[in-house]
Amino acid sequence: MIYVKASDQHGRGVFADCDIPAGAVLVVFKGPLLRREQVEPGSYHLQIGEDLYIGASGEADDYVNHSCEPNAGFRGGLALCALRPIRAGEEIAWDYSCAIDEEDFPGFPCACGAASCRGVVRSFRHLDPATRARLRPWALPYLRDRYRG
Ligand SMILES: [Zn+2]
């Protein structure tokens, strides 16, 4: 359903190899469980809790890029799902603010090209309330629990 290839925008990306219906599970993130102090600077990692991360799996889930207008989001734990129908050849992207929530996260510049691009990818806690409310249904469960309504 998905495959990794060179992306125009980033080093690598994940793409749909067929038309995918809304709601389909695209990939389930996995990797070694890490505390923050165990995360190697610059290495691939995904925050999944207050002080809980997963490291690289070496598989497609490591290469899904960010978009401020994503076509994928989390539903049911670490399962990345299609938020709308995705066409064959389209790049799969999710909004990284749906996972990151470090107080001292410096943010990184975004060049996703979306009309609604926020310009900087920030921790969930540092988004404006309207953006947080919009993203919350597709954020990781620890963020949905922490930021209720
Ligand atoms: Zn953007």
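Residues numbered from 1 in each chain as written. Predicted model: local features only at pLDDT ≥ 70, side-chain atom pairs only at ≥ 80, totals over all residues. Heavy atoms only, no water.

Here's the deal with the coordination of the zinc ion
Piece 1. Of the protein atoms, only Cys 68 (SG), Cys 110 (SG), Cys 112 (SG) and Cys 117 (SG) coordinate the zinc ion, at distances of 2.3 to 2.4 Å.
Piece 2. Here the zinc ion is ringed by four donor atoms whose angles at the metal span 106 to 113 degrees, and the overall shape comes out tetrahedral.
Piece 3. Of note, the zinc ion draws all its donor residues from one chain, in the sequence arrangement C-x41-C-x1-C-x4-C. Across the pair, Cys 112 and Cys 110 agree in class, each one buried. (Donors = N, O, S within 2.8 Å, 3.2 Å for Na, K, Ca; no water. Tetrahedral: all angles 85-135°; square planar, octahedral: opposite > 155°, others 65-115°. Buried < 20%, exposed > 50% of the residue type's maximum accessible area, 1.4 Å probe, protein only.)

Some thoughts on the sheet that holds strand S1 (residues 2-6)
Piece 1. As summarised here, the arrangement of the four strands in space is S1-S2-S10-S7, forming an open sheet in which the pairing is mixed. Of all the strands in the sheet, the pair left with one neighbour each is S1 and strand S7 (65-66).
Piece 2. Direction of pairing for S7 relative to strand S10 (residues 91-94): parallel, over a ladder of two bridges. Paired with Asn 65 across the bridge in S10 is Ala 93. (Pairing = 2+ DSSP bridges. Helix = DSSP H or I, 4+ residues; strand = E, 2+ residues; numbered from the N terminus.)

Regarding the nonpolar core
Piece 1. With 37 residues, the main nonpolar core has Phe 29, Leu 80, Ile 92 and Trp 94 as its most contacted residues.
Piece 2. Sorting the residues of this core by element identifies strand S2 (12-16), strand S3 (25-28), strand S5 (45-49), strand S8 (72-74), strand S9 (79-82), S10 and helix H2 (141-146) as the ones contributing at least two each.
Piece 3. Sequence-distant contacts of Ile 92, that is, excluding residues within four places in its chain, are made with Ile 2, Val 14, Phe 15, Ala 16, Leu 26, Val 64, Asn 65, Asn 71, Ala 72, Leu 80 and Ile 86. (Core = buried A, V, L, I, M, F, W, Y, C linked by side-chain atoms within 4.5 Å. Contact = heavy atoms within 4.5 Å.)

Notes on the pairing of strand S6 (residues 52-55)
Piece 1. Sheet topology note: the strand S4 (residues 33-34)/S6 ladder contains two bridges and is antiparallel. Note on S6: the bridge partner recorded for Leu 33 is Ile 54.
Piece 2. Between the antiparallel neighbours S5 and S6 lie two residues.

As for the environment of Arg 125
Piece 1. Tracing the sequence through the fold places Arg 125 in the loop between strand S12 (120-121) and helix H1 (129-135).
Piece 2. Residue Arg 125 is classed as partly exposed on the basis of its relative accessible area of 25%.
Piece 3. Each C-alpha atom, one on Arg 125 and one on Pro 141, is 14 Å from the other, the two residues being 16 residues apart in sequence.
Piece 4. Setting aside anything within four residues of it in sequence, one finds Arg 125 in contact with Asp 101, Glu 102, Glu 103, Arg 132, Arg 146 and Tyr 147.
Piece 5. A distance of 2.9 Å separates the side chain of Arg 125 from the side chain of Glu 103, its partner in a polar contact. (Polar contact = N/O pair within 3.5 Å; in protein donor to acceptor, adjacent residues only side chain to side chain.)

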